[in-house]
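Coordinates in review
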Amino acid sequence: MFTVTEAQLLAWITPLLWPFVRALALFASLPVFGQRLVPVRLRVALAFFIALAAQPTLPAMPAVPLDSATAMLLLVQQVIIGVSLGFAVRVIFAAVEMAGEVIGLQMGLNFASFFDPATANQTTTAGRVFGSMVALLFIVTNGHLAVIAVLIQSFQAFPVAPEPLAFVQQMQPQRWASEVFSLGLWIALPLMGMLLFVNLVLGVISRVAPQINVFAVGFPVTLGVGLIGMLLTLPLMQAPFAMALERMLAQFR
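What counts as what
Residues numbered from 1 in each chain as written. Predicted model: local features only at pLDDT ≥ 70, side-chain atom pairs only at ≥ 80, totals over all residues. Heavy atoms only, no water. Helix = DSSP H or I, 4+ residues; strand = E, 2+ residues; numbered from the N terminus. Buried < 20%, exposed > 50% of the residue type's maximum accessible area, 1.4 Å probe, protein only. Contact = heavy atoms within 4.5 Å. Areas by Shrake-Rupley, 256 points an atom, 1.4 Å probe, with all protein chains shown as cover. Salt bridge = Lys/Arg side-chain N within 4 Å of Asp/Glu carboxyl O. pLDDT = per-residue confidence, 0-100. Phe/Tyr/Trp six-rings, centres within 6.5 Å; stacked < 30°, edge-to-face > 60°. Lys NZ or Arg CZ within 6 Å of the ring centre and 35° of its normal. Axes fitted to C-alpha atoms, helices over the stretch in contact; angles between N-to-C directions. Left-handed = near helix turned anticlockwise from the far one by under 90°. Nonpolar A, V, L, I, M, F, W, Y, C, P; charged D, E, K, R; others polar. Parallel < 35°, antiparallel > 145°, perpendicular 65-115°, else oblique. Core = buried A, V, L, I, M, F, W, Y, C linked by side-chain atoms within 4.5 Å.

Section: the overall build of the protein
- The helix and strand inventory of the protein stands at 9 helices and 2 strands.
- Ordering the α and β elements of the protein from the N terminus gives α-α-α-β-β-α-α-α-α-α-α.
- In terms of its C-alpha atoms, the protein occupies a principal-axis envelope of roughly 100 × 35 × 30 Å.
- Within the protein, the fraction of its 253 residues that count as buried is 40%.
- Pairs at least 24 residues apart make up 80% of the contacts formed inside the protein by residues separated by at least 6 positions.
- Counting every atom, the protein has about 13,600 Å² of accessible surface; 72% of that belongs to carbon and sulfur.

Below, the structure written as structure tokens:
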């Protein structure tokens, strides 16, 4: 009679279980893949496929009984690491979207806000344009493949161990939010300087020729200059995006 012991069953399940949980937590928080438009079954299938395909390169996983407290700690650790990796990528997306929000504010387009059902947030036109462009850039430049590669490498840097808070103490993910402001302002700075110069010129015109209605002239001029600036700066977004993404992902290697 064919029998399987508990030790043999754990030896078969645990090498696949913990990478699957970490990958599933990543896809739940990763931009583009974590949106409501992506079915849950697709995320589960991708996580399972990645966990299965990465078996030859992964280190040995501890065989822990699944009904023990240690297994719960291991589960929490995988969720924290996977969500943190997705959050690191989301920080870059938020920085680019913030740049669009700041540029839209300078252009006078922030009054044109609408509800985005994909993210369930109130967004503006300029922010949505920058968000869509960075999402396309993330896929075109194989950013998703780089994230998956870092996910596999994270098992070497942060092996499966019953210490879920050790990762938080070492990485300090709450500090990554500062990247949103620094990178966002860095991307928006050229266009902000251009729009500031336009506003200064309009201010000088209003003083030199008071009969010109600067409010009627200023809005189309600012809007036109802002749109031209966006057209010129969007193709140059790849360099800062790739550099920021590489810097954030390097922390998990």
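What follows picks up the thread again.
Observations concerning the pattern of salt bridges
- Summed over the entire model, instances satisfying the criterion amount to 1 salt bridge.
- The partner of Arg90 in a salt bridge is Glu97, with the nearest N and O atoms 3.3 Å apart.
- Judged by relative accessible area, Glu97 falls into the buried class, the value being 19%.

Thoughts on the confidence of the model for the protein
- Confidence along the protein averages 81 in pLDDT terms, with 91% of residues attaining 70 or more.
- Least confident of the elements in the protein is strand S1 (residues 113-116), whose mean pLDDT is 65; most confident is helix H2 (residues 40-53), at 88.

A word on the packing of aromatic side chains
- Per the stated rule, a full pass over the model turns up 4 aromatic pairs.
- The interplanar angle of 70 degrees and the centroid separation of 5.7 Å between the aromatic rings of Phe27 and Phe33 together place this pair among those described as edge-to-face.
- Phe33 sits in the buried class, given a relative accessible area of 18%.
- Plain terms: the ring middles of Phe93 and Phe138 are 5.5 Å apart, the flat faces sit at 75 degrees to each other, and that makes the pair edge-to-face. Note that Phe93 is positioned in helix H3 (residues 69-107) and Phe138 in helix H4 (residues 125-140), a separation of 45 residues in sequence.
- Residue classification places Phe138 among the buried positions, given a relative accessible area of 0%.
- One aromatic cluster is present, built from ring pairs that chain together Phe93, Phe138 and Phe241.
- Residue placement shows Arg22 over the ring face of Phe155; its charged tip is 3.9 Å from the ring centre.

Considering the packing of H3 against helix H5 (residues 143-157)
- Orientation of H3 relative to H5, taken along the N-to-C sense of each, is 145 degrees, at an axis distance of 11 Å. Crossing of H3 against H5: the hand is right-handed. Contacts from Gln78, Leu85 and Val89 of H3 reach H5 at Val147, Val150, Leu151 and Phe155.
- Looking at the contact of H3 with H5 residue by residue, the classes come out as 6 nonpolar, 1 polar and no charged.

Section: unusual backbone geometry
- Notably, Val32 is not glycine yet its phi reads approximately 75 degrees, a positive angle.
- Looking at the secondary structure, you find Val32 in the loop between helix H1 (6-29) and H2.
- Given a relative accessible area of 22%, Val32 falls into the partly exposed group.
- For Asn142, which is not a glycine, the phi torsion comes out positive at approximately 60 degrees.
- By the element assignment, Asn142 lies in the loop between H4 and H5.

What to know about the packing of H3 against helix H7 (residues 178-208)
- At a closest axis distance of 7 Å, the pairing of H3 and H7 adopts a crossing angle of 20 degrees. Relative to H7, the element H3 lies roughly parallel. Here H3 and H7 pass one another in a crossing that is right-handed. Contacts between H3 and H7 involve Val91, Ile92, Ala94, Ala95, Val96, Met98, Ala99, Val102, Ile103, Gln106 and Met107 from the first element and Glu179, Val180, Phe181, Leu183, Gly184, Leu185, Ile187, Ala188, Leu191, Met192, Leu195 and Asn199 from the second.
- Residue composition of the contact of H3 with H7, by class: 19 nonpolar, 3 polar and 1 charged.

Quick word on the nonpolar core
- Residues Leu30, Leu85, Val89, Phe138, Val147, Phe241 and Phe252 are the most contacted members of the largest nonpolar core, which totals 63 residues.
- In terms of residue count, the dominant contributor to this core is H3 (16 residues).
- Ignoring anything within four residues of it in the chain, the contact list for Phe252 reads Ile81, Ser84, Leu85, Ala88, Val150, Gln153, Ser154, Ala157, Phe158, Phe167, Met171 and Trp176.

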